[in-house]
Amino acid sequence: MTMKIRTLALQCSTFLTLCVASIAHAQVTVSDPWVRATTSQQKATGAFMKLDAAKAATLLSASSPVAGVVEIHEMVTQDGVMKMRAIPDLPLPAGKTTELKPGSYHLMLMDLKEPLNAGQKVPVTLVIEAGQQRHEQTIEAEVRPLNSMPAAQQHQHGKH
């Protein structure tokens, strides 16, 4: 009887762990993920997406099998010059959309293993912390042509 109780307790513990991980996973929704296509000699590109956090969370890191290194970057203007720099993490405020887009926050995929062509799908794994729970969330980002703009910017572009 004791063995059955231990087995049941272990199963319940495993189930609760999966539930907690699932709840943490559901805290951040990723939409419109895409990666900019590259030329044959290019060794780096950007990945972009929208992140919506139900509760305050933090994007800690990212990785992808197509790149040797993936970093979280931001663009900043310093002394009138726009500069790109790596940041250690990216806070995701509760109830707000954090947009990773050209000229702002984005993921840099560096040391690319091969060129990325329009239409290809690129897996990107995000490491997110919500509360005391860390989880990985893998998304598929579509590779878009070099001259590609997000749909929202394309619609606004014609108004200039």
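Residues numbered from 1 in each chain as written. Predicted model: local features only at pLDDT ≥ 70, side-chain atom pairs only at ≥ 80, totals over all residues. Heavy atoms only, no water.

Caption draft 1: Looking closely at the overall build of the protein. A tally of regular secondary structure across the protein gives 2 helices and 10 strands. For the protein, the α and β elements follow one another from N to C terminus as α-β-β-β-β-β-β-β-β-β-β-α. Counting the 160 residues in the protein, one finds 34% classified as buried. Of all intrachain contacts in the protein linking residues separated by at least 6 positions in sequence, the fraction that spans at least 24 positions is 66%. Of the roughly 9,700 Å² of accessible surface on the protein, 56% is carried by carbon and sulfur atoms. (Helix = DSSP H or I, 4+ residues; strand = E, 2+ residues; numbered from the N terminus. Buried < 20%, exposed > 50% of the residue type's maximum accessible area, 1.4 Å probe, protein only. Contact = heavy atoms within 4.5 Å. Areas by Shrake-Rupley, 256 points an atom, 1.4 Å probe, with all protein chains shown as cover.)

Caption draft 2: Structural view of the packing of aromatic side chains. As enumerated under the stated definition, the model contains 1 aromatic pair in all. Taken together, a centroid distance of 4.6 Å and an interplanar angle of 35° make the contact between Trp34 and Phe48 tilted. Taken as a pair, Trp34 in strand β1 (residues 28–36) and Phe48 in strand β2 (residues 44–53) lie far apart in primary sequence, 14 residues in all. Each of the two residues, Trp34 as well as Phe48, counts as buried. (Phe/Tyr/Trp six-rings, centres within 6.5 Å; stacked < 30°, edge-to-face > 60°.)

Caption draft 3: Structural view of the environment of Met49. Of note, Met49 is situated in strand β2. Sequence separation between Met49 and Ser31 is 18 residues; the distance between their C-alpha atoms is 6.0 Å. Contact partners of Met49, with chain neighbours within four places excluded, come to Val30, Ser31, Asp32, Pro33, Thr98, Glu99, Leu100, Leu107, Leu126 and Ile139.

Caption draft 4: Structural detail: the environment of His106. With respect to the helices, strands and loops of the structure, His106 is situated in strand β8 (residues 106–112). Residue class for His106 comes out buried when judged on its relative accessible area of 5%.

Caption draft 5: Here's a closer look at the pattern of salt bridges. Going through the model one piece at a time under the given rule, you end up with 3 salt bridges. Between Asp32 and Arg144 there is a salt bridge whose closest N-O contact spans 2.6 Å. One end of the pair, Asp32, is in strand β1; the other, Arg144, is in strand β10 (residues 133–144), and 112 residues separate them in sequence. By relative accessible area, which is 16% here, Arg144 ends up buried. Among the ionic pairs, Arg134 bridges to Glu129, the shortest N-O distance being 3.4 Å. Judged by its relative accessible area of 58%, Arg134 falls in the exposed class. Classification of Glu129 by relative accessible area gives partly exposed; the value is 25%. (Salt bridge = Lys/Arg side-chain N within 4 Å of Asp/Glu carboxyl O.)

Caption draft 6: Just the pairing of strand β3 (residues 57–63), in detail. Where burial is concerned, most of β3 is hidden: 5 out of the 7 residues are buried. As paired elements, β3 and strand β6 (residues 90–92) share 3 bridges and run antiparallel to each other. Counted as the bridge partner of Leu59 is Leu90 from β6. (Pairing = 2+ DSSP bridges.)

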